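# Architecture at a glance
Chain residues, written in single-letter form:
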Amino acid sequence: MKTAQQVLESFYEHYNVDKIKLTLLESFQGYSLNEKKGFLELNISEQEVSDVFDGLIELVTAVRTLIEQGKIEGVRA
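Given the structure is predicted, the values throughout are model-derived calculations rather than measurements.

## Digging into the environment of A4
By secondary structure assignment, the location of A4 is in helix α1 (residues 4-14). Judged by its relative accessible area of 14%, A4 is buried. In this structure the C-alpha to C-alpha distance between A4 and T65, which are 61 residues apart in sequence, comes to 6.5 Å. Beyond its immediate stretch of four places on either side in the chain, A4 contacts A62, T65 and L66.

## Remarks on the nonpolar core
Here is a general trend for soluble globular proteins: nonpolar side chains tend to be buried in one another's company. Within the largest apolar cluster, 10 residues are counted, these being A4, V7, L8, F11, Y15, I20, V52, L59, A62 and L66. Of all the secondary-structure elements, those providing two or more residues to this core are α1 and α3 (46-68). When residues no more than four places from it in sequence are discounted, the contact partners of F11 are I20, G55, L56 and L59.

## Some thoughts on α3
Its 23 residues place the ends of α3 33 Å apart at the C-alpha level, agreeing with the 33 Å of an ideal helix rising 1.5 Å per residue. Those residues of α3 lying buried are V49, V52, G55, L59, A62, L66 and I67. Directly after α3, the chain includes G70, whose backbone phi takes a positive value near 75°.

## Let's talk about α1
Listed in full, the buried residues belonging to α1 are A4, V7, L8, S10 and F11. Across the axial projection of α1, the buried residues extend over an arc of 165°, all falling on one side. Facing away from the buried side of α1 by over 90 degrees, the exposed positions are Y12 and E13.

Conventions adopted
- Residues numbered from 1 in each chain as written.
- Predicted model: local features only at pLDDT ≥ 70, side-chain atom pairs only at ≥ 80, totals over all residues.
- Heavy atoms only, no water.
- Helix = DSSP H or I, 4+ residues; strand = E, 2+ residues; numbered from the N terminus.
- Buried < 20%, exposed > 50% of the residue type's maximum accessible area, 1.4 Å probe, protein only.
- Contact = heavy atoms within 4.5 Å.
- Core = buried A, V, L, I, M, F, W, Y, C linked by side-chain atoms within 4.5 Å.
- Expected span 1.5 Å × (residues − 1).
- Arc of directions from axis to C-beta.

Shown next, in the form of structure tokens:
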């Protein structure tokens, strides 16, 4: 199992802000315009979208862990 610090480092090695914005925009666009029938031709695979969402979930969990450990400052629980 990865530590919170390892999750943060891994996330930032694989994704940048533009990649996250584009993936989220395209996935929401595909969902809303296609009436839940699946993804439109978005030039991005469902696996890529899934990977970004999984990475975001891990990132939020890692940040929460680091905040609770007092290693970074953030919003108090």
